[in-house]
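# Secondary and tertiary structure notes
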Amino acid sequence: MSDTEAAGGAPLDPSQLRFHTRGVTAQEIAAVTAVLTAAAAEQAAAGKALRAEAGPDAWARTQRGLRGELRPGAGAWRSFSG
């Protein structure tokens, strides 16, 4: 359970779960805990995948290579050829 994290970033602690329904059996507690743990793990994995696919930040995108050297010569300034 140390791999799963709740929405706040802290590890999911099953002892923090409170059941307001009376007569909850141990099997029901285990089932709810398993579902919530799996959901938290899935959400954490999706968050990590989303951050990995984000690509470069704005600072990195503004860093471009320098323009190539301009070479004057016969016919060099007559047309734009890239």
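Note that this is a predicted model, so its numbers are computed, not measured.

### Re the overall build of the chain
The helix and strand tally for the chain stands at 2 helices and 0 strands. By element, 57% of the accessible surface of the chain is carried by carbon and sulfur atoms, the whole surface being about 7600 Å².

### What to know about a nonpolar patch on the surface
Residues F19, I29, V32 and L36 make up a contiguous nonpolar surface patch of roughly 290 Å² in combined accessible area. Inspection of the secondary structure puts I29 in helix α1 (residues 26-52). The class for I29 is partly exposed, based on a relative accessible area of 34%.

### Quick word on the confidence of the model for the chain
Atom-level detail of predicted coordinates should not be read off regions where pLDDT is low. On average, residues of the chain carry a pLDDT of 75, and 71% of them reach 70 or more. Predicted confidence is poor over residues 1-7, with pLDDT under 50, and the contacts of this stretch with residues over four places away or in other chains come to 13 contacts.

### Observations concerning the side chain of T37
Residue position: T37 is located in helix α1. The class of T37 is buried, set by a relative accessible area of 15%.

### Comments concerning the environment of T33
As for its placement among the helices and strands, T33 is situated in helix α1. Considering only alpha carbons, one finds T33 and L12, 21 residues apart in sequence, at a separation of 9.7 Å. Here T33 is in contact with P14 and L17, once residues within four sequence places are set aside. Polar side-chain contacts of T33 include one of 2.7 Å to the backbone oxygen of I29.

Rules of the game
Residues numbered from 1 in each chain as written. Predicted model: local features only at pLDDT ≥ 70, side-chain atom pairs only at ≥ 80, totals over all residues. Heavy atoms only, no water. Helix = DSSP H or I, 4+ residues; strand = E, 2+ residues; numbered from the N terminus. Areas by Shrake-Rupley, 256 points an atom, 1.4 Å probe, with all protein chains shown as cover. Patch = residues over 30% accessible without salt bridge, like charges linked within 9 Å, V, L, I, M, F, W, Y side chains within 5 Å. Salt bridge = Lys/Arg side-chain N within 4 Å of Asp/Glu carboxyl O. Buried < 20%, exposed > 50% of the residue type's maximum accessible area, 1.4 Å probe, protein only. pLDDT = per-residue confidence, 0-100. Contact = heavy atoms within 4.5 Å. Polar contact = N/O pair within 3.5 Å; in protein donor to acceptor, adjacent residues only side chain to side chain.

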